[in-house]
Amino acid sequence: MDEKNEMINIGQRIRKARLSKGMTQAELAEAAHIATSNVSDIELGKSRMWLSTFCKIVEALQVSADSLLRLDVPTVNDIYRSEYNEIISDCTPDEIESIMKITREIKNTMRKNN
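For the structure given in this document, a descriptive report is provided here. Every value quoted in this text rests on a predicted model; they were computed, and no experiment measured them.

**A short note on the nonpolar core**
As a rule of thumb, soluble globular proteins bury nonpolar side chains together.
For step 1, the next point in the chain: Core analysis: the biggest nonpolar cluster contains 19 residues, and Ile 14, Leu 28, Met 49, Ile 57, Leu 61 and Leu 68 have the highest contact counts within it.
For step 2, the next point in the chain: If you list the elements that add at least two residues to this core, you get α1 (3-20), α2 (25-32), α3 (36-43) and α4 (51-61).
For step 3, the next point in the chain: Looking at this core element by element, the count peaks at 5 residues for α4.

Shown next, in the form of structure tokens:
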């Protein structure tokens, strides 16, 4: 994946974390001691951020850096599994079976395309 797409993905995860905390961009900017316009640009993947800015955002959101970066490490893989389990936690057995079939097909298609 190229750097631009990676920045967009990280920005989307920052936005999702911010919204899950019920924060506005202005509130995140204030907590992280950065400009609101900077938060917007980061969330949209329009600008690269310094490591120090990323650390301020992580601290302001009180989330794991791993959860925002989504590197291929065991901790992050556990986060993915947990999120998947959360998605299916309230599903009926029939819904779970359908989701599993769809997931298998997507996985097979992705592997064929790689």
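**Here we look at the packing of α1 against α4**
For step 1, the next point in the chain: Packing of α1 against α4 brings their axes to within 10 Å, and their N-to-C directions diverge by 25°. In terms of axis orientation, α1 runs roughly parallel to α4. Seen along the crossing, α1 lies across α4 with a hand that is left-handed. Along its contact with α1, which presents Ile 10, Ile 14, Ala 17 and Arg 18, the element α4 presents Phe 54, Ile 57 and Leu 61.
For step 2, the next point in the chain: Across the contact of α1 with α4, the residue classes tally to 6 nonpolar, no polar and 1 charged.

**Thoughts on α1**
Since one α-helical turn is 3.6 residues long, residues separated by three or four positions face the same way.
For step 1, the next point in the chain: If you check α1, its first and last C-alpha atoms are 26 Å apart, about what 18 residues at 1.5 Å a residue would give, namely 26 Å.
For step 2, the next point in the chain: The complete set of buried residues in α1 reads Met 7, Ile 10, Gly 11, Arg 13, Ile 14, Ala 17 and Arg 18. One side of α1 holds all its buried residues, which, seen down the axis, span an arc of 160°. Structural note: α1 exposes Lys 16 and Ser 20 on the side pointing more than 90 degrees away from its buried face.
For step 3, the next point in the chain: The secondary structure elements touched by the buried residues of α1 are α2, α3, α4 and α5 (65-69).
For step 4, the next point in the chain: Put simply, Asp 2 is the residue that caps the front of α1, since its side-chain oxygen is 3.3 Å from the backbone nitrogen of Lys 4.
For step 5, the next point in the chain: Positioned one or two residues after α1, Gly 22 has a phi angle of 75°, which is positive.

What counts, and where the lines are drawn
Residues numbered from 1 in each chain as written. Predicted model: local features only at pLDDT ≥ 70, side-chain atom pairs only at ≥ 80, totals over all residues. Heavy atoms only, no water. Core = buried A, V, L, I, M, F, W, Y, C linked by side-chain atoms within 4.5 Å. Buried < 20%, exposed > 50% of the residue type's maximum accessible area, 1.4 Å probe, protein only. Helix = DSSP H or I, 4+ residues; strand = E, 2+ residues; numbered from the N terminus. Axes fitted to C-alpha atoms, helices over the stretch in contact; angles between N-to-C directions. Parallel < 35°, antiparallel > 145°, perpendicular 65-115°, else oblique. Left-handed = near helix turned anticlockwise from the far one by under 90°. Contact = heavy atoms within 4.5 Å. Nonpolar A, V, L, I, M, F, W, Y, C, P; charged D, E, K, R; others polar. Expected span 1.5 Å × (residues − 1). Arc of directions from axis to C-beta. Polar contact = N/O pair within 3.5 Å; in protein donor to acceptor, adjacent residues only side chain to side chain.

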